[in-house]
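# Summary of the model geometry
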Amino acid sequence: MSEERETGEPHGATDAAGGVAVSRAPVYRERPARPAGAVLWTNAPRPPARPVLPDGCTDLIWHQGRLLVAGPDTGPHFPDDIPPGPLSHGADGTGGAPTVGLRFAPGQGPAVFGVPAHELRNLRVPLTDLWPEGEVRELTERAAAAGAPGRVLEQAALARLRTAGGTDGRTAAIAAALAGGRPVAEVARLAGMGERRLHRHSLDVFGYGPKTLARVLRLVRALDLARTGMPYAMVAARAGYADQAHLAREVKSLAGAPMGVLLRSG
């Protein structure tokens, strides 16, 4: 596991809503996590200012003494839109403690949460909506008492994956192929399934069909490149868009704002 990273403008920066955060505030840290492919992130308390963007992932979140789940997004989501509910013992609700989350790689979350990903699409829900109340209560107490609640989240996710028998390696291969720009028909053939079956499988494990997942992962790639200062025309070519106009349309469609507005945040 590599050293913890701190940055003010991270890929996949996530707060209580989950997803990719577009922010320069130097309050975000992340490190590789267990299970393999997941990322453990921490956001210091701060007033939410910008929407978080689709990244194809789901998150298990510890926020002000509560356990929440962020589903896969298809558009921008504002981080102050948190489901109501009581705080755990010892949480004052003032936002003084960091928010900690475990972000699962695309396709990994359903085996942990026990529901198809499409049932969580564009949602933030209490973990009690998905897991037995007693199990969530015990996990909440452990996280509240821990000096490092993130490790408690990791342990819970690993236990759930063991019970579920792990994740299908084919799912990760599908995500990688779509992220690499391969056509859906080719991805289906490589996965050994028809396009209709691939679509159903993608809804269950990613939360949306393969074409939407490809668009979301291409957006993540484009934002990463644009943050380096690369000219937009080059970003479009490198990320797999037809041209700069195509890039602009897709960013506005998925992120709700032009690229320049996203990059000027903070």
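Here's what I pulled together on the structure shown here. Being a predicted model, the structure only gives us computed values, none of them experimental. (Residues numbered from 1 in each chain as written. Predicted model: local features only at pLDDT ≥ 70, side-chain atom pairs only at ≥ 80, totals over all residues. Heavy atoms only, no water.)

Let's shift gears to the pattern of salt bridges. Enumeration over the complete set of coordinates arrives at 11 salt bridges. Arg124 serves as the salt-bridge partner of Asp73, at 2.6 Å between the closest nitrogen and oxygen. Of this pair, Asp73 sits in the loop between strand E7 (66–70) and strand E8 (99–104) while Arg124 is found in strand E9 (residues 124–126), placing the two residues 51 residues apart along the sequence. One exposure class covers both Asp73 and Arg124, and it is buried. Each member of the salt-bridge network shares a partner with another, and the members are Arg215, Arg218 and Glu250. (Salt bridge = Lys/Arg side-chain N within 4 Å of Asp/Glu carboxyl O. Helix = DSSP H or I, 4+ residues; strand = E, 2+ residues; numbered from the N terminus. Buried < 20%, exposed > 50% of the residue type's maximum accessible area, 1.4 Å probe, protein only.)

All of the buried residues along helix H5 (residues 184–191) are Val184, Val187, Ala188 and Ala191. The buried residues of H5 all sit within an arc of 100° when viewed along its axis, so they share a single face. Of the exposed residues in H5, the ones pointing more than 90 degrees away from its buried face are Arg189 and Leu190. Among the structural elements, helix H4 (169–179), helix H6 (195–205) and helix H7 (210–227) are those in contact with the buried residues of H5. At the exit of H5 stands Gly192, carrying a positive phi of roughly 75°. (Arc of directions from axis to C-beta. Contact = heavy atoms within 4.5 Å.)

A word on the environment of Arg215. On the secondary structure map, Arg215 appears in helix H7. Given the relative accessible area of 25%, Arg215 is considered partly exposed. Sequence spacing of Arg215 and Asp55 is 160 residues, and the spatial spacing of their C-alpha atoms is 9.8 Å. Leaving out residues up to four positions away in the same chain, Arg215 has contacts with Glu250, Ser253 and Leu254. Here the side chain of Arg215 touches Glu250 through a polar contact of 2.7 Å, side chain to side chain. (Polar contact = N/O pair within 3.5 Å; in protein donor to acceptor, adjacent residues only side chain to side chain.)

Along the chain, the position of Gln64 falls in the loop between strand E6 (58–63) and E7. Judged by its relative accessible area of 24%, Gln64 is partly exposed. When the C-alpha positions of Gln64 and Ala97 are compared, they lie 6.7 Å apart, and in sequence the two are 33 residues distant.

Another aspect to go through is the nonpolar core. With 25 residues, the main nonpolar core has Leu102, Phe104, Phe113 and Leu127 as its most contacted residues. Counting only elements with at least two residues in this core, the list comes to strand E4 (38–43), E6, E7, E8, helix H1 (109–113), helix H2 (133–145) and helix H3 (149–164). By residue number, the principal contributor to this core is H3, which donates five residues. In contact with Leu102, other than residues within four places in its own chain, are Ala33, Arg34, Ala38, Val39, Leu40, Trp41, Thr58, Asp59, Leu60, Leu153, Glu154 and Ala157. Residues Leu53, Leu225, Val251 and Leu263 belong to the second largest nonpolar core, which totals 19 residues. (Core = buried A, V, L, I, M, F, W, Y, C linked by side-chain atoms within 4.5 Å.)

Turning to its location among the elements, Thr99 is positioned in strand E8. Only 2.9 Å separates the side chain of Thr99 from the side chain of His63, close enough to count as a polar contact.

Looking now at the packing of aromatic side chains. Summed over all chains, the structure comprises one aromatic pair. Here the aromatic rings of Phe104 and Phe113 are separated by 5.6 Å at their centres, their planes lie at 85°, and the arrangement is edge-to-face. Looking at Phe113, the relative accessible area reads 1%, which means it is buried. In this structure, Arg160 is placed above the aromatic ring of Trp131, and the distance from its NZ or CZ to the ring centre is 4.1 Å. (Phe/Tyr/Trp six-rings, centres within 6.5 Å; stacked < 30°, edge-to-face > 60°. Lys NZ or Arg CZ within 6 Å of the ring centre and 35° of its normal.)

Turning our eyes to something else, we now look at helix H9 (residues 244–255). Here H9 is 12 residues long and its end C-alpha atoms lie 16 Å apart, about the 16 Å a rise of 1.5 Å per residue gives. Among all positions of H9, only His246, Leu247, Glu250, Val251, Leu254 and Ala255 are buried. Along the long axis of H9, the arc covered by the buried residues comes to 130°, so they all point the same way. Residues of H9 that are buried sit in contact with strand E5 (52–53), H7, helix H8 (232–239) and helix H10 (259–263). Its side-chain oxygen 3.2 Å from the backbone nitrogen of Ala245, Asp243 forms the N-cap of H9. (Expected span 1.5 Å × (residues − 1).)

Let us now look at the packing of H4 against H7. At a minimum axis separation of 8 Å, H4 and H7 run at an interaxial angle of 60°. Our classification of the angle between H4 and H7 gives oblique. Pair H4 / H7 crosses with right-handed handedness. Where H4 abuts H7, its residues Ala175, Leu178 and Ala179 lie against Pro210, Leu213, Ala214 and Leu217. For the contact of H4 with H7, a count of residues per class yields seven nonpolar, no polar and no charged. (Axes fitted to C-alpha atoms, helices over the stretch in contact; angles between N-to-C directions. Parallel < 35°, antiparallel > 145°, perpendicular 65-115°, else oblique. Left-handed = near helix turned anticlockwise from the far one by under 90°. Nonpolar A, V, L, I, M, F, W, Y, C, P; charged D, E, K, R; others polar.)

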